[in-house]
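# Commentary on secondary and tertiary structure
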Amino acid sequence: MVEGTFGKAFRSGLQPVELGRKVTREVDAHRQMGVHGVPVAPNNIGVYLSPEDFDRFESFAEPLARELSELVREHAREEGYQFVGAVAVHLVPDEDLREGECDIATEITATTRVGSVVLADGRRVLLGEVTFTVGRLPDNDLVTADSKISRRHAEIRPAGNGYLLVDLQSTNGTRVNGTAIEEHLLVDGDRIAIGLTEFDFEAS
(Lines give C-alpha, C1' and ligand atoms only; values in the text may rest on other atoms or scores of the structure.)
Protein backbone atom coordinates (compact mmCIF):
# COMPACT_ATOMS: atom_id res chain seq x y z
CA MET A 1 0.00 0.00 0.00
CA VAL A 2 2.62 2.54 1.12
CA GLU A 3 5.14 1.37 -1.48
CA GLY A 4 2.61 1.83 -4.26
CA THR A 5 1.81 5.40 -3.25
CA PHE A 6 5.22 6.76 -2.29
CA GLY A 7 7.82 4.28 -3.57
CA LYS A 8 8.84 6.33 -6.60
CA ALA A 9 9.16 9.56 -4.63
CA PHE A 10 12.26 8.50 -2.69
CA ARG A 11 15.14 7.03 -4.66
CA SER A 12 17.59 6.56 -1.78
CA GLY A 13 17.84 6.52 2.00
CA LEU A 14 15.06 5.51 4.35
CA GLN A 15 12.02 4.38 2.35
CA PRO A 16 8.30 4.76 3.21
CA VAL A 17 7.80 1.02 2.73
CA GLU A 18 10.37 0.42 5.49
CA LEU A 19 8.32 2.64 7.79
CA GLY A 20 5.22 0.60 6.94
CA ARG A 21 6.96 -2.67 7.88
CA LYS A 22 8.33 -1.22 11.13
CA VAL A 23 4.95 0.22 12.13
CA THR A 24 3.06 -3.06 11.60
CA ARG A 25 5.76 -5.00 13.49
CA GLU A 26 5.42 -2.64 16.46
CA VAL A 27 1.62 -2.92 16.35
CA ASP A 28 1.99 -6.71 16.52
CA ALA A 29 4.55 -6.51 19.32
CA HIS A 30 2.48 -4.21 21.54
CA ARG A 31 -1.04 -5.57 21.08
CA GLN A 32 -2.82 -6.59 24.28
CA MET A 33 -5.53 -9.11 24.96
CA GLY A 34 -8.90 -7.44 25.53
CA VAL A 35 -11.53 -8.32 28.12
CA HIS A 36 -13.44 -10.56 25.69
CA GLY A 37 -10.35 -12.31 24.36
CA VAL A 38 -9.96 -10.09 21.27
CA PRO A 39 -6.51 -8.51 20.78
CA VAL A 40 -6.47 -4.72 21.15
CA ALA A 41 -3.95 -2.98 18.92
CA PRO A 42 -2.13 0.31 19.56
CA ASN A 43 -3.86 3.18 17.82
CA ASN A 44 -1.58 6.14 18.65
CA ILE A 45 1.71 5.72 16.79
CA GLY A 46 4.76 7.98 16.68
CA VAL A 47 7.33 7.53 13.89
CA TYR A 48 10.59 9.18 14.98
CA LEU A 49 13.02 10.13 12.21
CA SER A 50 16.45 11.71 12.02
CA PRO A 51 16.33 15.44 11.14
CA GLU A 52 17.73 14.63 7.68
CA ASP A 53 15.10 12.00 6.94
CA PHE A 54 12.34 14.14 8.42
CA ASP A 55 13.31 16.97 6.05
CA ARG A 56 13.06 14.58 3.09
CA PHE A 57 9.63 13.35 4.18
CA GLU A 58 8.26 16.70 5.32
CA SER A 59 6.52 17.69 2.08
CA PHE A 60 4.78 14.27 2.08
CA ALA A 61 4.27 14.04 5.85
CA GLU A 62 0.49 14.46 5.99
CA PRO A 63 -0.46 12.07 3.15
CA LEU A 64 2.19 9.59 4.30
CA ALA A 65 0.78 9.62 7.84
CA ARG A 66 -2.71 8.99 6.44
CA GLU A 67 -1.42 6.12 4.31
CA LEU A 68 0.37 4.57 7.29
CA SER A 69 -2.82 4.90 9.35
CA GLU A 70 -4.74 3.07 6.63
CA LEU A 71 -2.05 0.39 6.55
CA VAL A 72 -2.47 -0.11 10.31
CA ARG A 73 -6.27 -0.42 9.93
CA GLU A 74 -5.91 -2.94 7.10
CA HIS A 75 -3.34 -4.96 9.08
CA ALA A 76 -5.64 -4.97 12.11
CA ARG A 77 -8.55 -6.26 10.01
CA GLU A 78 -6.39 -9.07 8.62
CA GLU A 79 -5.13 -10.07 12.08
CA GLY A 80 -8.47 -9.69 13.88
CA TYR A 81 -7.33 -6.83 16.13
CA GLN A 82 -9.62 -4.17 17.56
CA PHE A 83 -8.99 -0.53 18.45
CA VAL A 84 -10.33 1.43 21.40
CA GLY A 85 -9.66 4.81 19.79
CA ALA A 86 -9.09 6.49 16.45
CA VAL A 87 -5.92 5.44 14.61
CA ALA A 88 -3.37 8.25 14.30
CA VAL A 89 0.21 8.21 13.00
CA HIS A 90 2.56 11.13 13.68
CA LEU A 91 5.95 11.79 12.04
CA VAL A 92 8.36 13.40 14.52
CA PRO A 93 12.00 14.60 14.12
CA ASP A 94 14.46 13.22 16.68
CA GLU A 95 17.91 14.79 17.08
CA ASP A 96 19.26 11.59 18.66
CA LEU A 97 18.74 9.55 15.49
CA ARG A 98 21.19 9.30 12.62
CA GLU A 99 20.16 9.38 8.97
CA GLY A 100 18.54 6.08 8.01
CA GLU A 101 17.46 5.26 11.58
CA CYS A 102 13.92 5.43 12.92
CA ASP A 103 12.12 4.55 16.13
CA ILE A 104 8.45 3.63 16.50
CA ALA A 105 6.51 4.36 19.69
CA THR A 106 2.99 3.00 20.14
CA GLU A 107 0.27 3.28 22.75
CA ILE A 108 -3.34 2.29 23.21
CA THR A 109 -5.40 5.44 23.65
CA ALA A 110 -9.06 4.97 24.53
CA THR A 111 -11.88 7.31 23.56
CA THR A 112 -15.62 7.13 24.26
CA ARG A 113 -16.44 5.74 20.81
CA VAL A 114 -14.76 5.66 17.43
CA GLY A 115 -16.06 5.06 13.93
CA SER A 116 -16.05 6.26 10.38
CA VAL A 117 -17.83 5.64 7.11
CA VAL A 118 -15.75 4.95 4.02
CA LEU A 119 -17.35 6.14 0.80
CA ALA A 120 -17.04 4.47 -2.61
CA ASP A 121 -14.39 7.00 -3.74
CA GLY A 122 -12.21 6.18 -0.73
CA ARG A 123 -13.06 9.25 1.33
CA ARG A 124 -13.37 8.58 5.06
CA VAL A 125 -15.87 10.57 7.14
CA LEU A 126 -15.30 10.44 10.88
CA LEU A 127 -18.35 9.90 13.08
CA GLY A 128 -18.48 11.92 16.26
CA GLU A 129 -20.85 12.46 19.15
CA VAL A 130 -23.70 13.80 17.00
CA THR A 131 -26.13 12.02 14.67
CA PHE A 132 -24.93 11.51 11.07
CA THR A 133 -27.74 11.80 8.50
CA VAL A 134 -28.07 10.44 4.96
CA GLY A 135 -30.58 11.55 2.33
CA ARG A 136 -31.35 13.75 -0.68
CA LEU A 137 -31.93 17.03 1.18
CA PRO A 138 -28.90 19.35 1.20
CA ASP A 139 -28.77 19.63 5.00
CA ASN A 140 -27.91 15.93 5.39
CA ASP A 141 -24.34 15.03 6.34
CA LEU A 142 -24.15 12.67 3.35
CA VAL A 143 -26.12 14.05 0.41
CA THR A 144 -26.88 12.01 -2.69
CA ALA A 145 -28.99 12.65 -5.77
CA ASP A 146 -29.91 8.96 -6.02
CA SER A 147 -33.66 8.88 -6.80
CA LYS A 148 -34.07 5.67 -4.79
CA ILE A 149 -33.01 7.48 -1.61
CA SER A 150 -35.56 9.36 0.49
CA ARG A 151 -35.13 13.00 1.45
CA ARG A 152 -34.23 11.88 4.97
CA HIS A 153 -33.36 8.25 4.54
CA ALA A 154 -31.27 7.02 7.49
CA GLU A 155 -29.26 8.09 10.51
CA ILE A 156 -26.17 6.82 12.29
CA ARG A 157 -26.59 7.64 15.98
CA PRO A 158 -24.07 7.40 18.84
CA ALA A 159 -25.17 4.48 21.03
CA GLY A 160 -23.31 3.03 24.00
CA ASN A 161 -19.69 2.62 22.93
CA GLY A 162 -20.60 2.40 19.25
CA TYR A 163 -23.08 3.53 16.61
CA LEU A 164 -26.63 2.57 15.72
CA LEU A 165 -27.86 2.70 12.10
CA VAL A 166 -31.57 3.60 11.92
CA ASP A 167 -33.78 3.57 8.82
CA LEU A 168 -36.13 6.58 8.91
CA GLN A 169 -39.09 4.72 7.38
CA SER A 170 -37.59 5.28 3.94
CA THR A 171 -39.41 4.25 0.77
CA ASN A 172 -36.82 1.74 -0.44
CA GLY A 173 -35.27 0.70 2.86
CA THR A 174 -31.76 0.34 4.24
CA ARG A 175 -29.62 -2.79 4.01
CA VAL A 176 -26.60 -3.99 5.96
CA ASN A 177 -24.56 -6.78 4.41
CA GLY A 178 -27.48 -7.47 2.06
CA THR A 179 -30.18 -7.69 4.77
CA ALA A 180 -32.92 -5.09 5.21
CA ILE A 181 -32.87 -3.46 8.64
CA GLU A 182 -34.89 -1.01 10.71
CA GLU A 183 -32.15 -0.64 13.34
CA HIS A 184 -28.70 -2.19 13.44
CA LEU A 185 -25.78 -1.79 15.85
CA LEU A 186 -22.84 -1.34 13.52
CA VAL A 187 -19.72 -3.51 13.71
CA ASP A 188 -16.41 -3.12 11.91
CA GLY A 189 -16.64 -4.02 8.22
CA ASP A 190 -20.41 -3.64 7.82
CA ARG A 191 -21.44 -2.75 4.25
CA ILE A 192 -24.35 -0.29 4.25
CA ALA A 193 -26.56 0.02 1.15
CA ILE A 194 -29.01 2.90 0.79
CA GLY A 195 -30.66 2.95 -2.62
CA LEU A 196 -27.82 2.53 -5.13
CA THR A 197 -25.32 4.10 -2.73
CA GLU A 198 -23.02 1.82 -0.72
CA PHE A 199 -20.43 2.61 1.93
CA ASP A 200 -18.56 0.77 4.69
CA PHE A 201 -18.43 1.26 8.44
CA GLU A 202 -15.08 1.08 10.21
CA ALA A 203 -14.85 0.91 13.98
CA SER A 204 -11.66 3.01 14.16
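Anyway, here's the lowdown on the structure attached to this text.

What counts as what
Residues numbered from 1 in each chain as written. Predicted model: local features only at pLDDT ≥ 70, side-chain atom pairs only at ≥ 80, totals over all residues. Heavy atoms only, no water. Helix = DSSP H or I, 4+ residues; strand = E, 2+ residues; numbered from the N terminus. Buried < 20%, exposed > 50% of the residue type's maximum accessible area, 1.4 Å probe, protein only. Lys, Arg positive; Asp, Glu negative; His and termini not counted. Charge placed at Lys NZ, Arg CZ, Asp CG, Glu CD. Patch = residues over 30% accessible without salt bridge, like charges linked within 9 Å, V, L, I, M, F, W, Y side chains within 5 Å. Areas by Shrake-Rupley, 256 points an atom, 1.4 Å probe, with all protein chains shown as cover. Salt bridge = Lys/Arg side-chain N within 4 Å of Asp/Glu carboxyl O. Pairing = 2+ DSSP bridges. Axes fitted to C-alpha atoms, helices over the stretch in contact; angles between N-to-C directions. Contact = heavy atoms within 4.5 Å.

For the protein, the helix and strand inventory stands at 4 helices and 16 strands. Projected onto the principal axes, the alpha-carbon positions of the protein cover approximately 60 × 40 × 25 Å. When the 204 residues of the protein are sorted by exposure, 44% land in the buried category. For the protein, the separation between the mean place of its 21 positive charges and that of its 35 negative charges on side chains is 7 Å.

The next point concerns a negative patch on the surface. Negative charge collects at one region of the surface, where Glu-52, Asp-55, Glu-58, Glu-95, Asp-96 and Glu-99 lie side by side. Under the relative-accessibility criterion, Glu-95 is labelled exposed at 69%.

Attention now moves to the sheet that holds strand β3 (residues 44–49). Judged by pairing direction, the sheet is mixed, and its 3 strands sit side by side in the order β4-β3-β5 without closing on themselves. Strand pairing shows two members of the sheet lacking a second neighbour, β4 (88–93) and β5 (102–107), which therefore form its edges. On average, each strand axis in the sheet is inclined to that of its neighbour by 20°, with strand direction left out of account. Pairing of β3 with β4, which is carried by 6 bridges, proceeds in the parallel orientation. If you follow Ile-45 over to β4, its bridge partner there is Val-89. Contacting β3 and β5, helix α2 (residues 16–29) runs over the sheet at an angle of about 35° to β5. Across the sheet, helix α4 (residues 61–79) lies against β3 and β4, angled at about 135° from β4, the strand it touches most.

On their own, these measurements won't tell you what the molecule is for.
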